[in-house]
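Summary of structural features
So you can see what is in the structure, the chains are spelled out below.
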Amino acid sequence: MDKIPFPSWVDSTILETFKTCEKMAYWQFLRHLKTKNNSNEDLRSGGAFAQGLEVARNLFYVGGKSEEEATARGMEALWKDYGLTTEEEDKGKKSWKATTKAFLSYLSAFPLATEPFPPMLLNGRAAVEFTFSIPLPRTRHPESGEPIMFSGKCDVVSQPKDTTYIIDEKTTSRIGPGWAQKWHLRAQFISYIWALQQYNFPAKGVIVRGIPIGLADSNPMEAIIMAQDWKISMWLEMAINTVNSMISAWKVGYWSPNLGYACTRCQFVRLCDSPDPEPWIASYYMPYHWNPLTKELHERH
């Protein structure tokens with residue numbers, strides 16, 4: 001087999017996967033594979049929820065529509081993104097009905113008209129689904145020699161006063177007592193703050209909002225995550241070292257398997273459990289290209 005090209009960019013998902021299992025990252029992000037017929041109701045529901053909010057926010061904050069019209073059209077966008085369903089899917093915990101209920105509960109808890117962290121306007125557009133791509137220091141692509149780009153997408157960028165905040169919405173089927181405490185060392189959120197600082201935004205924190213879907217109580221929860229300079233530096237060193245470890249694995253052609261707990265919930269077990277994995281790919285896997293940069297890209301050189 002010809003050598004697989006090394007990616008020109010990474011994001012928090014790729015870095016976290018590589019640290020969990022190098023082989024998992026290889027199959028998923030370099031070979032671009034996922035299992036066939038692998039329906040993920042979490043992604044389907046969460047994606048539809050995000051699409052509904054994006055439409056509602058743009059209509060209200062930029063389009064000048066009323067809160068009622070923006071909400072209604074956002075709900076229509078949610079339904080369209082969710083797609084047609086079977087009778088069995090309609091009974092699921094994250095059905096379109098449950099997702100719609102969560103959408104309306106969220107806009108009831110955080111109304112568009114009184115949202116304390118509204119999206120800021122950039123060039124006449126709301127900073128919703130804000131994508132970025134920034135050169136990661138002390139990294140060099142093993143083929144092109146260019147810096148590896150660190151990429152990502154923020155749900156909302158807000159600057160209500162003199163400080164910039166990111167809003168990140170997490171749809172979930174469970175919110176326990178310790179929900180707010182589990183985000184303080186989340187690399188995803190620290191990377192968002194670092195990224196916005198590279199654009200000279202005075203970013204200091206992330207507002208994490210948990211939206212329960214399929215529960216009797218659909219009221220969202222909120223946690224505020226702040227990142228001091230030392231924590232941002234810690235994340236940056238981790239990201240640089242992880243990318244350089246990925247490059248080393250690519251150069252020698254060896255991606256170390258986890259061979260532990262990660263294997264119990266990995267879609268690529270079939271491949272790692274075979275001395276010759278390649279023949280299994282055509283029958284059980286399909287191409288899948290992960291890319292968070294599906295919206296307008298804000299690139300910094």
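If you're wondering where the values come from, they're calculated on a predicted model, not measured in any experiment.

What about the pattern of salt bridges?
Applying the stated criterion to the full structure yields nine salt bridges. The partner of R138 in a salt bridge is E237, with the nearest N and O atoms 2.8 Å apart. Of this pair, R138 sits in the loop between strand 5 (128–135) and strand 6 (149–158) while E237 sits in helix 7 (residues 229–252), and the two are 99 residues apart along the sequence. Overall, R138 belongs to the exposed group, its relative accessible area being 53%.

Observations regarding the packing of aromatic side chains
Counted under the stated rule, the structure contains 21 aromatic pairs. Between F49 and F103, the ring centres sit 6.3 Å apart and the planes meet at 80°, which makes this aromatic pair edge-to-face. Here F49 is found in helix 3 (residues 41–62), whereas its partner F103 is found in helix 5 (residues 96–109), with 54 residues between them in sequence. According to the relative accessible area criterion, F49 is buried, its value standing at 2%. Through pairs of rings, three or more aromatic residues link up here, namely F132, F150, W179, W183, F189, Y192, W194 and W235. Above the plane of the ring of F110 lies R209, whose end atom (NZ or CZ) is 3.7 Å from the centre. The cationic tip of R270 hangs over the ring face of Y284; the distance from NZ or CZ to the ring centre is 3.7 Å.

What to know about the pairing of strand 8 (residues 203–212)
The side chains of a regular strand alternate between the sheet's two faces. Burial within strand 8 is extensive, with nine of its ten residues counted as buried. Where strand 7 (residues 164–172) and strand 8 come together, nine bridges link them in parallel fashion. Across the sheet, residue D168 finds its bridge partner in strand 8, namely V208. For the segment spanning strand 7, helix 6 (residues 187–198) and strand 8, crossover handedness is right-handed.

Some points on helix 5
Under the 1.5 Å per step criterion, the end-to-end length of helix 5 is 20 Å for 14 residues, consistent within 8% with the ideal 20 Å. Buried within helix 5 we find A98, T99, T100, A102, F103, S105, Y106 and L107. Buried residues along helix 5 sit against helix 3, helix 4 (67–82), strand 7 and strand 8.

Considering the confidence of the model for the protein
Per-residue pLDDT for the protein has a mean of 92; in total, 96% of the residues score no lower than 70. Across the protein, helix 7 holds the top mean pLDDT of 98, while strand 11 (residues 297–299) sits lowest at 44.

Details of a nonpolar patch on the surface
On the surface, L185, W230 and M234 cluster together into a nonpolar patch covering about 380 Å² of accessible area. For M234, the position within the fold is in helix 7.

A closer look at empty space enclosed by the protein
In this structure the tally under the stated criterion is one cavity of 30 Å³ or more. There is about 50 Å³ of room inside the largest cavity. Around the largest cavity, the lining residues are R57, Y61, Y106, L107, F110, L112, E115, F117, P119, V156 and I167. Mapped onto the lining of the largest cavity, the elements with two or more residues apiece are helix 3 and helix 5. A breakdown of the residues in the lining of the largest cavity according to their chemical character gives nine nonpolar, no polar and two charged.

Notes on the side chain of S105
By the secondary structure assignment, S105 is in helix 5. The exposure class of S105 is buried, given its relative accessible area of 16%. When near neighbours in sequence (up to four residues on either side) are disregarded, S105 contacts S218 and P220.

Description of the packing of helix 3 against helix 5
Running from N to C, helix 3 and helix 5 cross one another at 40°; their axes reach a closest spacing of 10 Å. The angle between the axes of helix 3 and helix 5 places the two elements in the oblique class. Crossing hand, helix 3 versus helix 5: right-handed. Along its contact with helix 3, which presents S45, F49, G52, L53, A56 and R57, the element helix 5 presents T99, A102, F103, Y106 and L107. Across the contact of helix 3 with helix 5, the residue classes tally to seven nonpolar, three polar and one charged.

Section: the pairing of strand 7
Of all nine residues that make up strand 7, eight are buried, and the element is covered over most of its length. Where strand 6 lies against strand 7, three bridges are found, and the strand directions are antiparallel. In the sheet register, S158 faces strand 7, and the bridge partner there is Y165. A loop of five residues connects strand 6 with strand 7, the two strands running antiparallel in sequence.

Thoughts on unusual backbone geometry
Within the chain, N200 stands out as a residue other than glycine whose phi angle is a positive 70°. Positive phi is not limited to glycine here, since L259 has a value of about 50°. With a relative accessible area of 70%, L259 lands in the exposed category.

Basis of the calculations
Residues numbered from 1 in each chain as written. Predicted model: local features only at pLDDT ≥ 70, side-chain atom pairs only at ≥ 80, totals over all residues. Heavy atoms only, no water. Salt bridge = Lys/Arg side-chain N within 4 Å of Asp/Glu carboxyl O. Helix = DSSP H or I, 4+ residues; strand = E, 2+ residues; numbered from the N terminus. Buried < 20%, exposed > 50% of the residue type's maximum accessible area, 1.4 Å probe, protein only. Phe/Tyr/Trp six-rings, centres within 6.5 Å; stacked < 30°, edge-to-face > 60°. Lys NZ or Arg CZ within 6 Å of the ring centre and 35° of its normal. Pairing = 2+ DSSP bridges. Right-handed = clockwise from strand over helix to strand, strands pointing away. Expected span 1.5 Å × (residues − 1). Contact = heavy atoms within 4.5 Å. pLDDT = per-residue confidence, 0-100. Patch = residues over 30% accessible without salt bridge, like charges linked within 9 Å, V, L, I, M, F, W, Y side chains within 5 Å. Areas by Shrake-Rupley, 256 points an atom, 1.4 Å probe, with all protein chains shown as cover. 1 Å grid on protein atoms, 1.4 Å probe; cavity = no way out; pocket = protein on both sides within 12 Å on 5 of 7 lines; lining within 4 Å. Points joined across faces, edges and corners; volume = space filled by probe spheres on them. Nonpolar A, V, L, I, M, F, W, Y, C, P; charged D, E, K, R; others polar. Axes fitted to C-alpha atoms, helices over the stretch in contact; angles between N-to-C directions. Parallel < 35°, antiparallel > 145°, perpendicular 65-115°, else oblique. Left-handed = near helix turned anticlockwise from the far one by under 90°.

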